[in-house]
Amino acid sequence: MKKALFIAALICSQSVLADLTIYTDRVTANLQPIANEFTARTGEKVTIVELAYPALKARIEAEKENSPADLIFVKDLIYLNEMTDLGWFKPFTSPVVASAVPEQMRHSQNLWTAISFRVRSLVYNSTIVNPSDIQSYTDLASDVWAGRVCVRSGSHPYNQALVSGFVHNLGAEKTTEFLTGLLGNLAADPMSSDRAVIDAIAAGVCDVGIVNHYYLAPYVAANPAFVVKMAFLNQGTTGAHTNGAGMGIYNASKNQASAEKFMELMLEDQTQLQWSAAHYDYPAKANLIPSTLIKDWGLFKAEQASWETLGKSTPAALKIISEVQYK
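Keep in mind that what you see is a predicted model, and the values were worked out from it rather than measured.

Draft legend 1. Fine view of the nonpolar core. Counting 102 residues, the largest nonpolar core has Leu 31, Leu 71, Phe 73, Val 208, Phe 262 and Met 266 as the members making the most contacts within it. Looking at this core element by element, the count peaks at seven residues for strand S5 (residues 113–125). Residues in contact with Val 208, not counting those within four places in the same chain, are Leu 122, Val 123, Tyr 124, Val 129, Ile 134, Leu 140, Trp 145, Arg 148, Val 149, Cys 150 and Ile 201.

Have a look at this one:
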């Protein structure tokens, strides 16, 4: 009888350990070691469902409240704000999470938080360009740079978020004027990737461009003397535009306590350095210096407008991108 009661109690105790499911567009191989650590600490199994954002969104729309998702982890403020508008997040209550990340990289109602971030930066041919000649993004619309600029497609969320920042900081009219000038200065049609922009600068197709900082890092890791260099823009004004990967708790999750524990693990110093190193990202946790070569690029002023605020400017940004035919 006692043995039967013991077995029943053991089964009951194991049943309260709810498995945790993460829907993400991030690379499973980089997230799995953190999931393994979570399991080692808590005994809870972590299931990672990796899908490109459109497929991830479609799956949640189909599953609705029946979705097994507990956490949603995506790479871009455009996505975070879109899912917020869809009502897919519920507030987290963890004071650890709320205190770890700078205010501009968290939702004001604690619906999501950044986990790591990137900077949309100037890249330039260091044999031709003096970076001090370009202090702001808008400088690239100057006639000085006619036929010398390369950029990624305006259909990509990285540039949609960047233009959202322009709308917030400059207003719609000046953003339209700037983008018109920028597109008039292109040396080639907008490109399919940030790597293509870097390769074009190295090949002499153009002299300057705008990319996420981490795309340059592998080139520098392979060749410290690589001809393309990076600089932070808007350091005397609004600060360099940031964007990044963020995580929120799905509104139908039954495992909020476990989800919050996983978010706390993601924001521990060691985990932050591990995660950011895998992508050459900056840790989202305040005042934590990255462990990779990007630390040698120095400190910088980040844009102070919140990612949530930039999300509110996205509809206007998309309208302008269409109007100026930034394809």
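From this point, things continue past the structure.
Draft legend 2. The arrangement of unusual backbone geometry in detail. If you check the backbone angles, Asn 110 has positive phi at about 60 degrees while not being a glycine. In this fold, Asn 110 is placed in the loop between helix H5 (95–100) and S5. On the accessibility criterion, Asn 110 (21% relative accessible area) is partly exposed. Even without being a glycine, Asn 287 presents a positive backbone phi close to 65 degrees. Examined against the element boundaries, Asn 287 turns out to sit in the loop between strand S10 (282–283) and helix H12 (307–323). Classification of Asn 287 as exposed rests on a relative accessible area of 78%.

What counts, and at which threshold
Residues numbered from 1 in each chain as written. Predicted model: local features only at pLDDT ≥ 70, side-chain atom pairs only at ≥ 80, totals over all residues. Heavy atoms only, no water. Core = buried A, V, L, I, M, F, W, Y, C linked by side-chain atoms within 4.5 Å. Buried < 20%, exposed > 50% of the residue type's maximum accessible area, 1.4 Å probe, protein only. Helix = DSSP H or I, 4+ residues; strand = E, 2+ residues; numbered from the N terminus. Contact = heavy atoms within 4.5 Å.

Worth remembering: the numbers are spatial, not functional.
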